[in-house]
Each structure stands twice: as C-alpha cells, then as structure tokens.
Amino acid sequence: MHLQIILGSQMKGAVLYEVINNVAVLTVDNPPVNPLSDGVRQGAFDGMVRAEEDPNVKAIVITGKGRAFIAGADISEFGGTGEGHSLNEVFRKIEFSSKPVVAAINGLALGGGLETALCCNYRIASKEAFMGLPEVNLGLLPGAGGTQRLPRLIGPSEALKMIISGAHISANKAYSLGVVDLISDNILEDSIKFALDKAQSADHHPKVRDLNEKVIEARGSDNVLIEAKALAAKTRKGQFAPGQIIKCIEAAIDCDDFDEGLKKEGEYFLECLLHPQREAMIHIFFGERAASKIVDVPKETQLKKISSAAVIGSGTMGGGIAMCFANAGIPVHIIDQDANNLKRGIGVIEANYSYMVKRGRINEDQKNSVFGLITSSLNYEDIKNVDIVVEAVYENLELKTSIFKSLDEHVNSDAILASNTSGLDIDSIAQATNRPEKVVGTHFFSPANIMRLLEVVRGDASSHETLATVMSLGKKLKKASVVSLNAPGFIGNRMLSGYTTQANMLLLEGALPHQVDQALESFGMSMGPFRMLDLVGLDLGWRARKLGGKDAPLASKINDELCEQGRFGQKNSKGFYNYSEGSRAPNPAPENEDVYRRISANNGIERRDISDEEIVDRCILSLVNEGAQILSEGVAQRAVDMDVVYINGYGFPIWRGGPMHHANTLGIKEVVERLNKYKVLTKDASFTPSKMLLELAANGKKLENAPEINDREEKLAFNSPSVGNKNF
Ligand code: 3HC
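Residues numbered from 1 in each chain as written. Predicted model: local features only at pLDDT ≥ 70, side-chain atom pairs only at ≥ 80, totals over all residues. Heavy atoms only, no water.

Some details on the side chain of Asp425
Considering the arrangement of structural elements, one finds Asp425 in the loop between β16 (416-419) and α17 (426-431). For Asp425, the side chain forms a polar contact with the main-chain nitrogen of Asp427, separated by 2.9 Å. (Helix = DSSP H or I, 4+ residues; strand = E, 2+ residues; numbered from the N terminus. Polar contact = N/O pair within 3.5 Å; in protein donor to acceptor, adjacent residues only side chain to side chain.)

Laid out in structure tokens, this is it:
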C-alpha cells in the first residue's frame, strides 16, 4: 500500500500523489472526465514540485483516474477570470522537469489533455485510449502548445488534419502517426516500469519542443497550408477558428524559436476566446448535454437495458435507423411486409456500407461485422424478444395504429415501442396498445444514419423509465437527443413552417429563389429554403393538399403552380431551379419568373426590391418567434433545446449558436422591434411578438432566463389536453 496524498482539492478537481517503486505517480481526479480545472492545475503543479524535490523519486508518471486521462481544459472556465496556475505554467513545470516524465494515457486525452501528454518526455497509451485536439468544435484552437508541439511530432500536414477536423483518433492510429511511443495492455504498471528504466538509463529524454526536423522540412512550400485552407473552407464554412489554427501552424513552420511560435499561438487563441463564435459554440456544447436531461425525470431513474432492436419498415428511414443500431453494436432485425421491398432495403444498406469502405471510412472486416448485426424477415414472430422496436413506415395514423396493435400482441410486454413519426399523435398510437407507458416517439431525421438530431416525443403516458432509456439510447446511437411534448409539428417542423412560409412570401413580394437562398446561405444556413424544397420534392405538399381537397394557402400557391407544370424538384430535374442530368447543382430557372409575377398580381401583391437583410430577418425571426411560443407552451423544455434541434437537424450554423442564441445576441428588445417592423410592413399577424418575448424584452432578459418548465404556469402541459391544437 502506498501513501496517497490529495493535492489541489480545495478547488475543483485534484491530483492524487503517490510514490511507487521510486516513481511519483500523479493521478488526475476530476470526475467524470478529468478536465484541467483549477484544482487539477494546482495539484499537478504541486505534484511536480514535490516529485522534483524528493530524492527518492527517479521518474514521474502522469495518468488519469477512471475512464479518462484528461478531457482538456475546463470548458466552464472559459469567459471567466481564471484562478490559480495557468496551463502554460503547469506545462513548463512538466516539460522542464529534471526527471523523466511519462504520460500514461489510460483513456480519452483531448485538447489540453493531449497537450499535457505532449509536454511529457514519453507517451504510452492503453489500447482503449483515444485522443484528439477538438478545440475547433468550441470555436477555439489548441492554446496550450498543441499547435506548436503536434506538428513537430507528426508533421504539419497530419497535425493540420487532426486540429481542423477536431477528430478523435484511436491509440493504434496515434501510434502509427507517432503521437505515442508505445501501446500497453497494462498501462500503469508498464508506464511505471518504463519510466524507471528510462531514469536508470543514460538516454537523453526527448522534449517535443526540440524536434524541429518535420517543421523545417515543410518550410518553403505553401502546399500544406493551401490544402488546409481548402479543407477548412469545405468543412468549416464561416468559422473563425480554422483560419487562426492555420496561422499557428504557419508560425510553427516558420519560427526558429519555439517560444516565439508559442507566443503567437497565445495571441491567436486569445482572439478566438474573445470571438462571439466561441461563446456560441460552447453554448451548444453545454446545450446538447442539458437537452439530454428531462427536467422532471430523476437522474437515478432505472434504465431498461437495450441489447437488441427491431425496425418496422425497410424504406429510407427504416434502413437508416437500422444502421444507427448496428453502428452502435446493437443487433437489429428489420421487418417489412413485402419481400421485394425488404430485399431492396437491405441492398441499399449494404451499398451504404460498401460506399463507406470505398471512401476508407471503414475496412471490409468492419463492414462485415456491422452489416452482420442486421437481420431481416417478414414475420413479427421473429422480433418477440427484442428490447425496443422502432416503427418507420410512412405517415398514416391508421397504418401506424394497426402496426402498434400487432406489435403489442407479438413483442414481449417489457419492450419499448417507438414510432418514427414526424408529426402524428403519439398518444393515439399509444392508446392502441396495452402498454402506453412504454410508447414514445423517436423522430429521426433523414438520412438517419448521418443526421445527428433525434426528437424524442413524450406521450401523455410515456413513463420515466421509457423516456430515460430512450434518451440514453440516443447517446449510444451518437445522436443529439431533444425531448418534445406531443404537439403538432413537435419542435423542429413547427418552427420550420414559419421559416418556409416567409421564404415563399418573399418570393411573392419580389425576391427570386436564388436571392433568398444566397442571403440565408451567407447567413450560414447549410442550404437555402428553395434548394431544400427542391431536394425534398415540391409534389409532397401539393399531392397532400389535392388528396384532402384543400386549396393551396397563399404561401404555397407558387409551389403548387410549379407542380401543375410538372416541376417537382430535383427528382425530375426541375423545380424552383433547373438541374442538369446527374447533377445537384441548382441553375436559375428564368422560365418560372412569369409564374411568380402572375401569382403576385392575382393576389394583389405589388412586387418590390427586397434586401438580403429583410430576407434573413423575416425567415430567422420567424423561427425565433415560434420558438418562444413553443417554449411558453412547454413543448420544449428550454431555449437551448431549440438551438440543438436547429443545428443538428436543419442546417443552422453552429457558430451562431442556434436561432434562440442568435436572438439573445441581437438582444430580445431588438428582436421585438424588428418583429413589429415586419408586422407593419407585411400586415402578417405571425410577426406579432410572442408574449414570452415581450416579457423578456420588458425585463431586459434573455431567452435562457425563461423560467424552467416546472416554474411556469403551463407546468401541467405534459399531461394537459389543452397543449397545442391536436389537429394531426
Ligand atoms: N470541461 C468541463 N466539463 C467537461 C469537459 C471539459 N473539457 N468535458 C466534458 N465535461 C463534462 C460535460 O459537460 C458533462 O457534464 P454533465 O454530466 O454535467 O452534463 C460531463 O463532463 C460528461 O461529459 P459527456 O456527457 O460529454 O460524456 P461523454 O462520455 O459522452 O463524452 C467527452 C466525454 C468525449 C470527453 C466529451 O465530454 C467531450 O468531447 N468533451 C470536450 C472535450 C474537449 O473539447 N476538450 C478540449 C477543451 S478546450 C481545451 O482543452 C483548450 C486548450 O487547448 C487550452
């Protein structure tokens, strides 16, 4: 038994210090993932001093307690004043230690965590460890030497790829790149032995800061930086941090003096830290974690174990959902009623995996093992023992209700039954079963294996266990899960409807599709509304209206007229735009302009020049106004939930932090003023500011100050028949 001392514990987190076989072991202890909070920095600093001063200590090992080595700087400290030792002070202590220091990377090593390891003389990783520099996802760059040390270790080109993508790499990959020196099955024991051997040998203990060969090699050619700029432009459009990262690596390549490069990194880091994108992206980091929690479902709620799943329907959605389960290692059985459909659906899944192999994302063995988790048949008997079923047939309440009746009869009574409905009433579906408490909506977004958003729809009877289990399953499936009350359109589609209505009205008032799309894409939306409508198909709404014998509302009149002319969107190469054979690139369709002019005139609308500012304001503020209404009804739990929905499901730019964060940035008072201005200009009542916005504006508050659902008048909303207009 070795004496263990706790260092730094008066603050957040600590470092445990013990000496084993003449090796000082510093174990970071800051659950659950060991970020470098003030207590950890203090503990690490004190631990290094103690180890250096103790003549019995010959070497030092730094490791982490639990599943993580170190998850990086403490993100909650950004924007604050920063107490105690800075990371760079701690890192200098490690890097200039008189005794060899080994990083025993026992688990995840991210951001400042990997940067800690890069200050050590040696790095050993356990097989399960993974590492990366994901700061870019927070609007930041690795600001504690990562941009200067990593290129020295693995070369500027690989370093740029890792830092701009923010990707996590496995221990094996890290070894092959040269990030770590060894992989171990027995990380602590091996690291202690390795450290002692090194201390006793006459070896020089390398410092990454001194390894100049790879950066010098890259001097004199701009290729690496040009490639990085192209990568950033393609994958991180509109973001500030990637440009700063490239400047840091340029400094690493060009500066002979390591400390000069480090100084530049510090300056570029500070600019990121002060940039509004940093605040927006950290808002989303914590927002996604907040959204995964349901206010009135206790943390300790028992979860049902999900070891197997079934999906009903082998179409695009069903296939994508089945892939999500298989990718997470959960065996999944697909049921379809039609053998040909099933064969085609399984073929599409296999083709998707083959495409991933072709792109080098997985290898053939991985494909076989994941695809091997997917089975299929025509018979409900084959899924009687699964833990969860996700129904993914087309949107028809009668059909879904009858499927749930059959599922209730065939599948063991413990199983959760979920519907991938995008808008039908979950309570009606639940009532068809004898287990309404185990029924829930799981609204995946297409393509389900790629899109991160999962709207979890809470029925009146959905139990805490069911909800907690599905939220936890969402995390396993790598989704950003957000809970919505069972109300028309749930969260995302209800907000979208005001947004597309405004886009269509702008068309009637004088704008053209490419102007609207360009304005919103310049704002940062990944795809403008008319490109999106062309992609989805203009005929969907048109057919539904025809079937229901309904006239097109004013905002859909152009859409429906285009359909009457056989323009259905990308599927037949003409819609709001024209498409060349086999291409998805939109070309303007001047032949449509007569239609726009005629419909404007027929409806007494005088066409005018419309500014990009008006386009963005009307579309985006419609999202905000509807979002505030949704919040006050309790359909969403918090403002940030809607930000998470819009970023992960609707292409809203993450660096703006979502529509509700955008509204906070503008100021709620300003939002209200602009809504009122557009209400006067357009005489459109939908611009009437919601009561919640008016109250927040009057009190100078932000949307995140809206009271949590339990404090609101509508707190009974989850069970109240009055919520929303259940006109599904
Ligand atoms: N700082 C503060 N809190 C953190 C944190 C961090 N770096 N990383 C995770 N947490 C918190 C989460 O907010 C969450 O808190 P909660 O339980 O109260 O909601 C808790 O730790 C667990 O996190 P997750 O739910 O995300 O756990 P997972 O197991 O799903 O994921 C993870 C773990 C992969 C580490 C993920 O949390 C993650 O990606 N964290 C961020 C890593 C990162 O970006 N590091 C770089 C930080 S910036 C930096 O280092 C700057 C430096 O260069 C100067």
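Some thoughts on the packing of helix α28 (residues 668-682) against helix α29 (residues 691-698)
Interaxial distance between α28 and α29 falls to 8 Å at its minimum, and their mutual angle equals 130°. Taken together, α28 and α29 sit at an angle that is classed as oblique. Helix-helix and strand crossings are classified by hand; for α28 and α29 the assignment is left-handed. In contact with Ile668, Lys669, Val671, Val672 and Leu675 of α28, α29 contributes Leu693, Leu694, Leu696 and Ala697. When grouped by side-chain class, the residues that make up the contact of α28 with α29 number 8 nonpolar, no polar and 1 charged. (Axes fitted to C-alpha atoms, helices over the stretch in contact; angles between N-to-C directions. Parallel < 35°, antiparallel > 145°, perpendicular 65-115°, else oblique. Left-handed = near helix turned anticlockwise from the far one by under 90°. Contact = heavy atoms within 4.5 Å. Nonpolar A, V, L, I, M, F, W, Y, C, P; charged D, E, K, R; others polar.)

What about the sheet that holds strand β7 (residues 108-110)?
Read from one edge of the open sheet, 4 strands run β5-β7-β9-β10, paired in mixed fashion. At either margin of the open sheet sits one strand with a lone partner, and together these are β5 (68-70) and β10 (169-170). In the sheet, β7 pairs with strand β9 (residues 130-132) via 2 bridges, with the strands oriented parallel. Each bridged residue has a counterpart across the sheet, and for Leu110 the counterpart in β9 is Gly132. The strands touched by helix α3 (residues 112-119) are β5, β7 and β9; relative to β7, the strand with the most contacts, the crossing angle is about 90°. (Pairing = 2+ DSSP bridges.)

With respect to the site of the ligand
Around the ligand, the structure places 26 residues, and the nearest of them are Arg67, Glu115, Glu135, Arg289 and Lys293. Within the side chain of Glu135, a nitrogen or oxygen atom sits 2.6 Å from an oxygen atom of the ligand. The separation between an oxygen atom of the ligand and a polar side-chain atom of Arg289 is 2.7 Å. Of all the secondary structure elements, the ones that give two or more residues to the shell around the ligand are β7, α3 and α12 (276-291). Here the shell around the ligand gets 3 residues from one element, more than from any other, and that element is α12. Looking at side-chain class alone, the shell around the ligand contains 15 nonpolar, 4 polar and 7 charged residues. (Near = heavy atom within 4 Å.)

With respect to the domain arrangement of the chain
Domain boundaries assigned for the chain yield domain 1 (5-272), domain 2 (309-491) and domain 3 (499-634 + 637-728). Between the C-alpha centres of domain 1 and domain 3 there is a distance of 45 Å. (Domains from an automatic or database assignment.)

Points about the sheet that holds strand β8 (residues 122-126)
Read from one edge of the open sheet, 7 strands run β1-β2-β3-β4-β6-β8-β11, paired in mixed fashion. Of all strands in the sheet, those with a lone pairing partner are β1 (5-7) and β11 (182-184), marking the two edges. Within this sheet the neighbouring strands show an average axis-to-axis angle of 25°, counted without direction. Sheet topology places strand β4 (residues 59-64) next to strand β6 (residues 101-105); 3 bridges connect them, and they run parallel. Of the residues in β6, the one forming a bridge with Ile60 is Val101.

Description of helix α11 (residues 258-274)
In this model, α11 (17 residues) spans 25 Å end to end at C-alpha, consistent with the 24 Å of a helix rising 1.5 Å per residue. All of the buried residues along α11 are Phe258, Gly261, Leu262, Glu265, Tyr268, Phe269, Cys272 and Leu273. Considered in projection along α11, the buried side chains sweep an arc of 145° and stay on one side of the axis. Relative to its buried face, α11 has exposed residues pointing more than 90 degrees away, namely Lys263 and Leu274. Each element contacted by the buried residues of α11 is listed here: α4 (146-154), α10 (241-254) and α12. At the N-terminal end of α11, a side-chain oxygen is found 3.0 Å from the backbone nitrogen of Asp259, two or three residues along, and the residue is Asp257. (Expected span 1.5 Å × (residues − 1). Buried < 20%, exposed > 50% of the residue type's maximum accessible area, 1.4 Å probe, protein only. Arc of directions from axis to C-beta.)

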